[in-house]
Amino acid sequence: MANSERFSFDTKEYLNTFYCILDQMVREMTTANLAESISNNFIVQMIPHHQAAIQMSENLLKYTDWCPLKTIAEQIIEEQTKGIAEMEALLGDCSCLLNCDKDICLYDRRTCQIMEVMFTDMEFARQTDSIDANFMFEMIPHHLGAVSMAENALHYEVCDGLVPILESIITSQRRGVRQMQGLLRRIGYSMQA
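Because the structure is predicted, anything quoted here is derived from the model rather than measured.

About the thresholds
- Residues numbered from 1 in each chain as written.
- Predicted model: local features only at pLDDT ≥ 70, side-chain atom pairs only at ≥ 80, totals over all residues.
- Heavy atoms only, no water.
- Disulfide = S-S within 2.5 Å.
- Helix = DSSP H or I, 4+ residues; strand = E, 2+ residues; numbered from the N terminus.
- Buried < 20%, exposed > 50% of the residue type's maximum accessible area, 1.4 Å probe, protein only.
- Expected span 1.5 Å × (residues − 1).
- Bend = angle between axes of the 7 residues up to and from the residue.
- Contact = heavy atoms within 4.5 Å.

### Some words on the state of the cysteines
Part 1: All told, the structure shown has one disulfide when counted by the stated rule.
Part 2: Covalently, Cys94 is tied to Cys159 through a disulfide, its sulfur atoms 1.8 Å apart. Here Cys94 and Cys159 share a disulfide; its torsion about the S-S bond, 60°, makes the bridge right-handed. With Cys94 in helix 3 (residues 67–94) and Cys159 in the loop between helix 5 (131–153) and helix 6 (162–186), this pair connects stretches of sequence that are 65 residues apart. By the burial criterion, Cys94 is buried, and Cys159 matches it.
Part 3: With no disulfide of its own, Cys96 lies 8.9 Å from the sulfur of Cys94, the closest cysteine sulfur.

Here's what the structure looks like:
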């Protein structure tokens, strides 16, 4: 946390909680129980990703009173809670759809690249004394990671029930990125430091 002495107590509390959530997400996504099934692998890595977004949004809601951002955080909680339930319900059946070794290798390799970029971009997200801005700087790469992971999965054979979930992640999280980028501009920030 570079230059943390300039941050308010609330900002420091917010950031400390964010980093705990991020560390847990990284740990759970990188140690997920992978199989010879792209459907399984996507689900077991996306569930902790969604759980982290819910926790990060709950963390923000302790501090913000800005209605447009509260609405985004509440939408994240609602959509990703629903997404977790849908993926958990599919996991057993989807795990039965096995993929060939080459597909698994290519899928896993690209997923690892996506996660590495996402984890780094979140770890080193721009920090200000604005909790609202910090949340958006952190959540934009989180959403972009989910979009890339879903697009990667769609390059391969996945179980039928997973396809609408992947498409929903792409649509909703792209929308969320656009909304947050617009709000950042509105309060005078850009994604560049």
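From this point on, the discussion continues.
### What about helix 3?
Part 1: The end-to-end C-alpha distance of helix 3 is 38 Å, a good match for the 40 Å that 28 residues give at a rise of 1.5 Å each.
Part 2: For helix 3, the principal kink sits at Glu88 and spans about 25°.
Part 3: Listed as buried for helix 3 are Leu69, Ile72, Ala73, Ile76, Ile77, Gln80, Gly83, Ile84, Met87 and Cys94.
Part 4: Looking at the buried positions of helix 3, the neighbouring elements they touch are helix 2 (38–61), helix 5 and helix 6.

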